[in-house]
Amino acid sequence: MAKLRLLFVKEAQASYISHLDLMRTFQRVFPRGGLELKHSQGFHPHPLISIVLPLPVGQSSECELLDFEVEQDIDGTGVAEMLNTGLPAGLHARECCRAVRPARELAFLRARVELDYDAGVPSGAAERLRELFSRGEVLVEKRTKHKELAEINIAPLLRSAEWTEAERLVAADVTVAAQNPGLNPALLANAAAAYLPELAPDFARVRRLELYDAEGNVFR
Amino acid sequence: MDKKLERILPRVQKPARYVGGEYNAVMKDKARVDTRVAFCFPDTYEIGMSNLGMRILYGVMNNMDGVWCERCFHPWGDMEAELRGASMPLYALESGDPIGEFDIIAFSVGYEMAFPALLNMLDLAGVPLRAEDRPGLAPLVIAGGTAMYNCEPIADFIDLALLGEGEEQLPELIGLFRQARREGWDKHRFLVAACRIGGVYVPSLYDVTYHDDGTVRAITPRDGAPARVRKRVVTDMDKAYYPAKTIVPSTEIVQDRITLELFRGCIRGCRFCQAGYVYRPVRSRSRELCAQYARESVEDSGYQEMTLSSLSTSDYRPLVELCDELEPFCERKHLNLSLPSLRADNFSMALMERLQKGRKTGLTFAPEAGTQRLRDAINKNLTEEDLLESCRRAFAGGYSAVKLYFMLGLPTETDEDVAGIADVAAHVMHVWRESAANKNRGVRITVSTSWFVPKPHTAFQWEPQIPIEEYERRVALLRERINTKTVTYNWHPSPTSFMEAVLSRGDRRLCAVLETAWRKGARLDAWEDYFSLPRWLEAFEECGLDPHFYANRRRGHEELLPWSHIDVGVSDAFLMREHDRCYEGVTTPDCRTVCSGCGANSFLGRPCDG
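Before going into details, it helps to say that this report is about the structure given with it. The structure presented is a predicted model; accordingly, all values stated were derived computationally and were not measured.

**A closer look at the interface of chain A and chain B**
No. 1: Listed per partner, the contact involves 25 residues of chain A and 28 residues of chain B.
No. 2: The contact between chain A and chain B buries some 2,200 Å² in all, and 51% of this surface belongs to carbon and sulfur atoms.
No. 3: Between chain A and chain B we count five salt bridges in total.
No. 4: Between Asp118(A) and Arg7(B) there is a salt bridge, and its shortest N-O distance comes to 2.6 Å.
No. 5: Remark: the boundary between chain A and chain B carries ten residue pairs in polar contact (both at pLDDT 80 or more).
No. 6: At the level of elements, helix H1 (19–32) and strand E10 (203–213) of chain A are the ones that each hand at least two residues to the side of chain A that touches chain B.
No. 7: Looking at which element gives the most residues to the side of chain A that touches chain B, the answer is H1(A), with seven residues.

**Comments concerning the nonpolar core**
No. 1: Ile99(B), Phe107(B), Met148(B), Leu160(B), Phe190(B), Leu404(B) and Trp536(B) are the most contacted members of the largest nonpolar core, which totals 210 residues.
No. 2: Top element by residues in this core is helix H14 (residues 415–435) of chain B. It accounts for nine residues.
No. 3: Excluding its chain neighbours within four sequence positions, the residues that come into contact with Leu160(B) are Leu140(B), Val141(B), Ile142(B), Ala143(B), Leu173(B), Phe190(B), Leu191(B), Ala194(B), Val200(B), Tyr201(B), Val202(B) and Pro203(B).
No. 4: Counting 40 residues, the second largest nonpolar core, distinct from the first, contains Cys63(A), Ala126(A), Leu129(A) and Leu199(A).

**So, the packing of helix H6 (residues 166–182) of chain B against helix H7 (residues 187–194) of chain B**
When two helices pack together, their arrangement is given by the angle between their axes and by how far apart the axes lie.
Residue and element names in this part refer to chain B.
No. 1: Contact pair H6 / H7: the axes reach a minimum separation of 10 Å and the direction vectors enclose 150 degrees. In terms of axis orientation, H6 runs roughly antiparallel to H7. Crossing of H6 over H7 shows right-handed handedness. The segment H6 lies against H7, with Leu173, Leu176, Phe177 and Ala180 engaging Phe190, Ala193 and Ala194.
No. 2: Along the lines of polarity and charge, the residues of the contact of H6 with H7 split into seven nonpolar, no polar and no charged.

**Focus: the pairing of strand E13 (residues 305–309) of chain B**
Residues and elements named next belong to chain B.
No. 1: In terms of burial, E13 is largely enclosed, as four of its five residues are buried.
No. 2: Note that strand E10 (residues 258–261) and E13 share four bridges and pair parallel. Of the residues in E13, the one forming a bridge with Leu260 is Leu308.
No. 3: The pairing of E13 with strand E14 (residues 336–338) spans three bridges and is classified as parallel. Considered in E14, the bridge of Thr307 is made with Ser338.
No. 4: Taken together, E13, helix H10 (residues 319–333) and E14 constitute a β-α-β crossover, and its handedness is right-handed.

**Observations concerning the pairing of strand E7 (residues 149–153) of chain A**
Residues and elements named next belong to chain A.
No. 1: Pairing between strand E6 (residues 139–143) and E7: five bridges, direction antiparallel. Note that in E7 the partner of Lys142 across the bridge is Ala150.
No. 2: Between E6 and E7, which pair antiparallel in sequence order, lie five residues; one of them, Lys147, sits at a positive phi of approximately 65 degrees.

**A short note on the environment of Leu169(A)**
Residues and elements named next belong to chain A.
No. 1: Its location among the elements puts Leu169 in strand E9 (residues 169–177).
No. 2: Note on Leu169: relative accessible area 15%, which makes it buried.
No. 3: Along the primary structure Leu169 and Phe133 are separated by 36 residues, whereas in three dimensions their C-alpha atoms are 18 Å apart.
No. 4: Excluding residues within four positions of it along the chain, Leu169 makes contact with Arg112, Glu114, Leu115, Asp116, Val121, Thr164 and Arg205.

**Structural notes on the pattern of salt bridges**
No. 1: Applying the stated criterion across every chain yields a total of 79 salt bridges over all chains.
No. 2: In this structure, the salt-bridge partner of Lys30(B) is Asp97(B), at a minimum N-O distance of 2.9 Å. One end of the pair, Lys30(B), is in the loop between helix H1 (3–8) and strand E1 (35–41); the other, Asp97(B), is in the loop between helix H4 (77–85) and strand E3 (104–108), and 67 residues separate them in sequence.
No. 3: The class for Asp97(B) is buried, based on a relative accessible area of 14%.
No. 4: Note that Arg257(B) is salt-bridged to Glu305(B), the shortest N-O span being 3.1 Å. Linking Arg257(B) in the loop between strand E9 (229–230) and E10 with Glu305(B) in strand E13, this pair joins segments that are 48 residues apart in sequence.
No. 5: Its relative accessible area of 23% is what places Arg257(B) among the partly exposed residues.
No. 6: Judged by relative accessible area, Glu305(B) falls into the partly exposed class, the value being 31%.
No. 7: Each member of the salt-bridge network shares a partner with another, and the members are Arg112(A), Glu114(A), Asp116(A), Asp118(A), Arg205(A), Glu6(B) and Arg7(B).

**Some points on helix H11 (residues 346–355) of chain B**
Residue and element names in this part refer to chain B.
No. 1: Along H11, the residues classified as buried are Ser348, Met349, Leu351, Met352 and Leu355. Along the axis of H11, the buried residues cluster in a sector spanning 165 degrees; they form a single face.
No. 2: Where H11 is buried, its residues meet H10, E14, strand E15 (362–368) and helix H13 (384–396).

Conventions adopted
Residues numbered from 1 in each chain as written. Chains lettered and ligands numbered in written order. Predicted model: local features only at pLDDT ≥ 70, side-chain atom pairs only at ≥ 80, totals over all residues. Heavy atoms only, no water. Contact = heavy atoms within 4.5 Å. Buried area = accessible area lost by both parts, 1.4 Å probe. Salt bridge = Lys/Arg side-chain N within 4 Å of Asp/Glu carboxyl O. Polar contact = N/O pair within 3.5 Å; in protein donor to acceptor, adjacent residues only side chain to side chain. Helix = DSSP H or I, 4+ residues; strand = E, 2+ residues; numbered from the N terminus. Core = buried A, V, L, I, M, F, W, Y, C linked by side-chain atoms within 4.5 Å. Buried < 20%, exposed > 50% of the residue type's maximum accessible area, 1.4 Å probe, protein only. Axes fitted to C-alpha atoms, helices over the stretch in contact; angles between N-to-C directions. Parallel < 35°, antiparallel > 145°, perpendicular 65-115°, else oblique. Left-handed = near helix turned anticlockwise from the far one by under 90°. Nonpolar A, V, L, I, M, F, W, Y, C, P; charged D, E, K, R; others polar. Pairing = 2+ DSSP bridges. Right-handed = clockwise from strand over helix to strand, strands pointing away. Arc of directions from axis to C-beta.

Next up, the structure:
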């Protein structure tokens, strides 16, 4: 009855499943695979299941983590295979193991940010974006939990960004702070639009690629 | 994912409704299917996916070789604006392909107020609204569902309607469609052949003429179409398909649980209730099969909630045995069983107490009318003693909220009956004082009234709906009479009920009104967010028709009603007798006590239910 951690992919149609809906979905996926989620004790028992770092709706990810406990005494072997038969399109379980490290040790995430330019990439875009995001202060407006607009400086939360140009597309491989506070990589597109209006993209796409601890080791 | 869609979705509410890919959604290889059906629900995803009929027919059609049935729902306003803005036609959730390219566009219409949404979906799909403007065989636009028992207001838009239960007739129709395409029939030839399939109604094969006063003079079939179209039913529920393996949405829907259908039809015979008449005869599924389907659905879906569904669940004969059988399984699977539409009687309360686990919130009862006299007149077999006894048990068992549903404007209703509603609430309050397990928690009694809509194929199909001024007067009267703070009175100033009364008993001339209202912006009009009475009144004005003619006029038994050629199996003579008995204040016993000879057992060739 150890705590287990599932690594899964969330992409395509599944990118649009909200955090709450994803929790609901997984509560049904486990029994489908023959696993019985453990419930909290108390008057209103709820299943012991949590997502380590919820993904914003619309983004895709290769490295989502789900912590859970089941009634069965297992170490995670075979769990990914069991779950994969009952998942909606766009969700795919990669592996499952015991949750050893506490979630708070997750410090950074690497993501690919793609900025679409339908009329072609403006000249020097990658260079100018590189310059923008190497400044010490990049202010972006962000909605707080209380629905107010706040200005935050994203520069300290951005650890690295490598910009490349492709056809009608500028892409960045970025590493950002994951939590406390974390940076939603989609805000890079907002910053680009605010500071360099001619580089405002027609669309921005984000895909999470990997999770790291403070030392830069892969977090599982 | 489609690039246009990828750009739209981040801007709309609840995008998961528009992408498909749910567990058990059926994917097929386009190259290996010859007939593609877009199964359309003229309401939102959350409503449509909660519909059991749609799940059954989705399974039935996808079980056919070479047929791929996909789903399509009406988008919410933000999504509609985005689709139109991006010039994206309405698409099916499974393949993402535009439904305008499909062979058959099939609507499931359960509610008259969904008519404008049906038109809007055709328009969003780029399909001409009027059947006459679609000369080809495909896309064939068909519609089924309860609202099709009077489909005259959409007769000009659909190619044909399927009356009754679709499990058998839909495959027959698809078979004929395939033959027609193989042999190169034109649309007219196909429709003439289709109207020979039982339960298929082809409106264009009937000429409707009117008297000067606006009533129907004659409904005349052409090209060999039957004079009366009789609905289809599944005679043996144990052979009827049940979708034990069904789609589990990845986003929350209205009925987010397993729906286990115990039986069809209802033994009660409430005179206002359309479902009670049109779903006859009563046919039960065996306890063994119900239990088996329950297990299969739970194992496959992973749901932890299941509702035992029917029009009156406590009337399922082996209900206790079924619950006995399911109990250990439910225990093991942490499964909650819920029993909707329970009667307020001792048997039901005992069962409910047994099944209710954990949180005890509110209970809902529907006495429908405030006095015994009126309950007798509408044949609602519920006594106040039963209701109060049920409330007593509930309060003693720890419940602290009761909701009571009533209708205002029922035939023969007097001010005394309206005041009676307040008395019922006061009596429930009194029972709470006497029996509450814990008075410190207080009690919430909610009285809700709706505005009665007379429906076709019921004993009240000849009745006028009371005018809005009269409805509001009765609401005010009731509001005055409810003077305890613990009783909350909810009522809707809902002009939707007026338009529902117009459309539900409308004739073919309303097609023009519907199209005009749609052009003025009517679409998801079942939602108050979208409904606009002035828009409808303008449309009536422009078409030179009077909505009150349809809603507020008393019809004589001799009048030819616009749906007279539709046979739901209940005889006109029976409905007239029930109508007369309402005025005599005489009740009709339930079908289990004695068969009252409505005629519906003719579908079975044996006594129904028994």
